[in-house]
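# Observations on the model geometry
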Amino acid sequence: MIPKILNDLKGGLIVSCQAKEGEPFDAPDRLSLFAQSAVLGGAVGIRSEGKNNTLYIVHSVEVPVIGLIKTAYPDGTVCITRTYTDVEKLLSVGTHMIAIDGTFRECNGFTGPEFIRKVRNRYTCPVMADIATVEEGLACVEAGATCLATTLSGYTPETKRKSQKSPDFKLLEELVKQTDIPVIAEGRIYTPDDAAKALKLGAWAVVVGTAITRPIDITSWFVEKLKESAQ
Ligand SMILES: CC(=O)N[C@H](C=O)[C@@H](O)[C@H](O)[C@H](O)COP(=O)(O)O
């Protein structure tokens, strides 16, 4: 059965409100202003990183909040909520769904799907499995994930590409075809057209981060274009 939280997100936009360490927006009260603005603009959910940011955001908006805690694997690639301690931190602040790294990379002796199975057996909270390949998606479904997200395509050693400028629509389509749980499109969705295309391809909902909540990146897109056109 589809849990209520996913029905609330269906067909809508989830805005990821995150800042890198040391950036001007890297503070819970500032990120919560992004979350509040996103909801005023029609977002149906928020994705939030870190315990304190999530606590603040959960109390600032009335839409579901997907929480995560980001760390790094030894090779420097991104790792999303892979310990019980981090799961419990997020649960303690009222996170409605937890995003967990569902890739095959090992952390504390478990792959992502193995950890998701353990989390689903231990807690009642819904889990969004962030994956990078179809095989990882299938393993996470088997492990009991509540939904899948294409978040990590292009960010694991296996899928990292030199130039990653567009969403992985192929992965989205394959996951929609081969699984029967909701698949959320996430990663490098920079335009309303691409968000709409994701829904057309079968995405349950769409997550947008950078294009809405990372003013440093957005500014640099303009600056780079101006530099190019001046050459
Ligand atoms: C790979 C990774 O670290 N992804 C993170 C996951 O939470 C965030 O930094 C992204 O902003 C989020 O996935 C939304 O994607 P985009 O910002 O491309 O719209």
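Here is what the cut-offs are and how they apply
Residues numbered from 1 in each chain as written. Predicted model: local features only at pLDDT ≥ 70, side-chain atom pairs only at ≥ 80, totals over all residues. Buried ≥ 20, exposed ≤ 12 C-beta atoms within 10 Å, placed from the backbone. Helix = DSSP H or I, 4+ residues; strand = E, 2+ residues; numbered from the N terminus. Pairing = 2+ DSSP bridges. Right-handed = clockwise from strand over helix to strand, strands pointing away. Near = placed C-beta within 6 Å. Nonpolar A, V, L, I, M, F, W, Y, C, P; charged D, E, K, R; others polar. Core = buried A, V, L, I, M, F, W, Y, C linked by C-beta atoms within 7 Å. Contact = placed C-beta atoms within 7 Å. Axes fitted to C-alpha atoms, helices over the stretch in contact; angles between N-to-C directions. Parallel < 35°, antiparallel > 145°, perpendicular 65-115°, else oblique. Left-handed = near helix turned anticlockwise from the far one by under 90°.

A few words now on the pairing of strand β3 (residues 65-68). In β3, alternate side chains face the same way, and those of V65 and G67 on one face and I66 and L68 on the other are all buried. Relative to β3, strand β2 (residues 45-49) runs parallel, the two sharing four bridges. The residue of β3 that forms the bridge with S48 is G67. In this fold, the crossover linking β2 to β3 by way of helix α3 (residues 51-58) has right-handed handedness. Alignment of β3 against strand β6 (residues 97-101), held across two bridges, turns out to be parallel.

Time to look at the pairing of β6. Within β6, five of the five residues are buried, leaving the element largely enclosed by the surrounding structure. Of the two faces of β6, the one holding M97, A99 and D101 and the one holding I98 and I100 are both buried throughout. In terms of strand pairing, β6 meets strand β7 (residues 127-130) through four bridges, oriented parallel. Each residue of the ladder has a partner; that of I100, found in β7, is A129. Taken together, β6, helix α5 (residues 112-122) and β7 form a β-α-β motif whose crossover is right-handed.

Near the ligand you find 15 residues, and of these S16, V78, Y155, G209 and T210 are the closest. In terms of residue class, the shell around the ligand is built from seven nonpolar, six polar and two charged.

To continue, consider the nonpolar core. Core analysis: the largest hydrophobic core is formed by 61 residues, its most contacted members being I14, I46, A129, L148, I184 and V206. With residues near it in sequence (within four places) discarded, L148 still touches A129, I131, G137, C140, L175, T179, I181, V183 and I184.

With that settled, consider the sheet that holds strand β1 (residues 13-17). Spatially, the eight strands close up into a barrel ordered β1-β2-β3-β6-β7-β8-β9-β10, and their pairing is parallel. Each adjacent strand pair in this sheet contributes to an overall mean axis angle of 25°, direction not counted. Two elements, β1 and strand β10 (residues 205-208), share three bridges in a ladder whose sense is parallel. Looking at β10, one finds that V15 is bridged to V208.

Next up on the list: the packing of α5 against helix α6 (residues 134-143). Running from N to C, α5 and α6 point in directions that differ by 20°, and their axes come no closer than 8 Å. One finds that α5 runs roughly parallel with respect to α6. Where α5 crosses over α6, the handedness of that crossing is right-handed. Seen from α5, the contacting residues are G112, P113, I116, R117 and R120; seen from α6, they are E136, A139, C140, E142 and A143. Here the residues of the contact of α5 with α6 are counted per class, giving five nonpolar, one polar and four charged.

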